[in-house]
Amino acid sequence: MLGSLLSGPTLALTAPADLDWQDVLFADNGHSAVVSPFFFVTPEGRLNAEAERAASLAILDSARGRDFACAFPYRYEWLRATHRDRPVPAFDLGGCAELTAFRQGFRPGRIRIAYATEQVDTPASAFGHVFLIVGDDETPLPLWESVQFLAETTGSDGFLGYAIRGLNGGFLGRYQRSAFFQIVFQYNRREQRDLYIADIPATPEQLEWLLLRLFEMRKVLLPYYFTSQNCSSRLADLLVAAGLYPKGRPKRFPADVFGHYQPAWGAGLERLPSLHTRIRELHGRQTASEQEEFSEYLGGRRAASALQHPQVAELAVLRGDYLFRRLRQAPGDYQETRQIRYTPSPLAPPASPPVDEAFRRVSVGVARSAHENLLELGFRAGFKDFWDAGRVGDGRSSLVLGDVRLQTEASSGATRVGQATLFSAMNLQPLSAFNQRLSWKASSGYGSALWEGRRHAQGEIGLGGALEHRQLIAGFFMDAGIAAGAGGYFGVSGLAAWRPDDSTLMGLEYRRHALDGERRAGWALRLAKAIQHHELKLELSDASGARGGRLSYGRAFR
């Protein structure tokens, strides 16, 4: 049906609502974000959207009109659908050989959207990832075509280098097409991320608009920004161009885009759990006798062939597969565990998929310490925070961008910035006895986390490890940092968190540092309860002998 949708010169598509010429050119105030010169038909087209429109219409009225329609079918159809007062010549796009082959290669019948959860040891992926899958019901899902927007990196930047360049638009990105089974291998098997897949309700006409847009954008380069023009926003741009996503809806985070289709999930939401998830979920529901047997196996006191509990045998096999696939390690009994036959335990998708998490938060509260009484107003532009109750996903890493907290002194009325976090990331990666790598953390910002009543610009890094047992997670770090006007510091820190359920958190953090030869220690106890996107948090702390407390209410949203 789609293959013949544009088979003749008399058929015209209806332009998606609310789109204008600037949307067609990825432009703002007349300046296009596209850096590829072949995307424009006039040398000034990138900096002058109206000049590009006039040149495009002139070419369509010339002998080169059909060539333009075949090279830029999306903007051709958009001009034809919107310029009713100035008729645009009708051309048979079915005769465009390259476009026809491109459309047929997608076998378009349905469109689905997929969400990859965070990568377990890379907070650069703490917000997840989204991409599209296009195919038909006669083709097995692994052979469907996937489309995603990715930054072109060298692979040598590392996380911090990637974050710095990504925040400043130091990368270019492009839409990339590949078979879905390749994506499953990369995200689900190699990076150990869960995949959630949902349908996008679409008409044949909307699918045609999408494919025409993809054809135009298949070689185009665009700036990549970590927090704005990224995998989710550029994917949303594709969907907006097809009338499948509201133009004004938030799109900076994967949850923004994937969560928009939540009403259509119903029973159709699919999950492909990673080995990491299967191990963690199975390990978390072991009985006492299974725990004992599994501990004996890990300690070398029981062979894999002597395991009695089916779920322990399953864990032994999954552990071997995880070490081999993810960490490139082959345990000594790898071949023995490969001989174990078991029936996989059923793991249903969680009641609340990861995209229910909100990434912005406004909070209000009161604070009292030995020095002052404060009223607080805070805002976080983007976060996935280990300390926030109500989180979903494995929550083993934290990423915070743009955390600002204003404080007003209750007695004097003076207002100041109490804390401003520019960037903060932490990776706990606890896998019990599953050979976890080092945990680490890094942060930069302004505040008084270490010294009550004294505020400094601060930067900190740390290396450590983590332990996990059911709902309890503990991390330990060796820290080093610098504070403007106060010199450098080093020391140790530790944290422990207990989650009796998905909406409740109780945590304790302890820090001991040496600053200019003077030792300073502090601790903070956090209690938080979340109901949907509402959270009530209580924090009791003692920093260098200055005791205090903080009570706050937060409202999270996408």
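Description of the structure in this document. Worth saying up front: this structure is predicted, and the values here are computed from it rather than measured.

1. Let's talk about the state of the cysteines
Note on terminology: a disulfide is the covalent bond linking the sulfur atoms of two cysteines.
Step number 1: One pass over the structure, following the stated rule, counts one disulfide.
Step number 2: For Cys70, the disulfide goes to Cys96, at an S-S distance of 1.9 Å. The S-S bond linking Cys70 to Cys96 shows a torsion near -70°; that makes this disulfide left-handed. Of the two residues, Cys70 is situated in helix H3 (residues 65-71) and Cys96 in the loop between helix H4 (73-82) and helix H5 (97-106); the sequence distance between them amounts to 26 residues.

2. Remarks on the side chain of Thr337
Step number 1: Secondary-structure assignment places Thr337 in helix H14 (residues 334-338).
Step number 2: Reaching out from Thr337, the side chain makes a polar contact with the backbone oxygen of Tyr334 at a distance of 2.8 Å.
Step number 3: Residues in contact with Thr337, not counting those within four places in the same chain, are Tyr297, Ala304, Ala316 and Val317.

3. Quick look at the packing of aromatic side chains
Step number 1: Per the stated rule, a full pass over the model turns up 16 aromatic pairs.
Step number 2: Centroid distance Phe149 to Tyr175: 5.1 Å. Interplanar angle 65°. Geometry classified as edge-to-face. Here Tyr175 lies in strand S6 (residues 171-179) and Phe149 lies in strand S5 (residues 145-151), a separation of 26 residues in the sequence.
Step number 3: With 6.3 Å between their ring centres and 15° between their planes, Phe149 and Tyr224 make a pair best called stacked. Taken together, the positions of Phe149 in strand S5 and Tyr224 in strand S8 (residues 222-224) put the pair 75 residues apart, joining distant regions of the chain. Neither residue differs from the other here; Phe149 and Tyr224 are each classed as buried.
Step number 4: These aromatic residues form a ring-pair network of at least three members: Phe102, Phe106 and Phe215.
Step number 5: Across the ring face of Phe102, the terminal group of Arg177 is positioned such that the distance to the ring centre comes to 5.4 Å.

4. Side note on unusual backbone geometry
Step number 1: Of note in this structure, Asn29 is not a glycine but carries a positive phi near 55°.
Step number 2: Mapped onto the elements, Asn29 comes out in the loop between strand S1 (27-28) and strand S2 (31-32).
Step number 3: Its identity as a non-glycine residue notwithstanding, Arg107 has a phi of 45°, on the positive side.
Step number 4: Locating Arg107 in the fold gives a position in the loop between H5 and strand S3 (110-116).
Step number 5: Residue classification places Arg107 among the partly exposed positions, given a relative accessible area of 30%.

5. What about the nonpolar core?
Step number 1: Counting 82 residues, the largest nonpolar core has Ile111, Ile113, Leu132, Leu222, Leu239 and Phe258 as its most contacted members.
Step number 2: Ranked by residue count, the leading element in this core is helix H8 (residues 204-217), at eight residues.
Step number 3: Grouped together as the second largest cluster of nonpolar side chains are 17 residues, Phe294, Ala313, Leu318 and Leu327 included.

6. Overview of the sheet that holds S5
Step number 1: With antiparallel pairing, seven strands are arranged side by side in an open sheet as S8-S6-S5-S4-S3-S7-S9. Taken across any chain shown, the strands that pair with only one partner, and hence form the sheet edges, are S8 and strand S9 (270-272). On average, each strand axis in the sheet is tilted by 35° relative to the strand beside it, whichever way the strands run.
Step number 2: Note: S6 against S8, three bridges, orientation antiparallel. Within S8, the position partnered with Gly173 by the bridge is Leu222.

7. Side note on the environment of Gly462
Step number 1: One can find Gly462 in strand S15 (residues 456-469).
Step number 2: Taking the C-alpha atoms as reference points, Gly462 and Val492, 30 residues apart in sequence, are found 8.7 Å from one another.
Step number 3: What Gly462 contacts, discounting residues up to four positions off in sequence, is Ser439, Trp440, Lys441, Phe477, Met478 and Asp479.

Rules of the game
All residue numbers here refer to positions counted from 1 along the written sequence of the relevant chain. Residues qualify for local features only when their pLDDT is at least 70, as the model is predicted, and side-chain atom pairs are given and counted only at 80 or more; totals for whole chains, interfaces and linings, by contrast, use all residues. Heavy atoms throughout the structure, all of them, feed into the side-chain values; hydrogens and water do not. Note on disulfides: each one is a pair of cysteine sulfur atoms within 2.5 Å. We count a stretch as a helix when DSSP gives it H or I for four or more residues in a row; a strand needs E for two or more, and each element gets its number in order from the N terminus. Under this definition, polar contacts are N or O atom pairs within 3.5 Å; protein pairs additionally need one hydrogen-donor-capable and one acceptor-capable atom, and for neighbouring residues in sequence, both atoms have to be side-chain atoms. The contact definition used throughout considers only heavy atoms, calling two residues in contact when any of these lie within 4.5 Å. The pairing test for Phe, Tyr and Trp rings, Trp by its six-membered ring, is centres within 6.5 Å, and the orientation test on the planes gives stacked under 30 degrees, edge-to-face over 60, and tilted for anything in between. Type-normalised accessible area, obtained with a 1.4 Å probe on protein chains alone, sets the label of each residue: buried when under 20%, exposed when over 50%, and partly exposed for intermediate values. Only when the NZ of Lys or the CZ of Arg is both within 6 Å of the ring centre and within 35 degrees of the ring normal is a charge said to sit over the ring. We call a set of buried residues a nonpolar core when its members are Ala, Val, Leu, Ile, Met, Phe, Trp, Tyr or Cys and they connect through side-chain atoms within 4.5 Å of each other. Here, any two strands with at least 2 DSSP bridges between them count as paired. Every axis corresponds to a line fitted to the C-alpha atoms, with the helix fit spanning only the stretch in contact, and the corresponding angles, defined between N-to-C directions, vary from 0 to 180 degrees.

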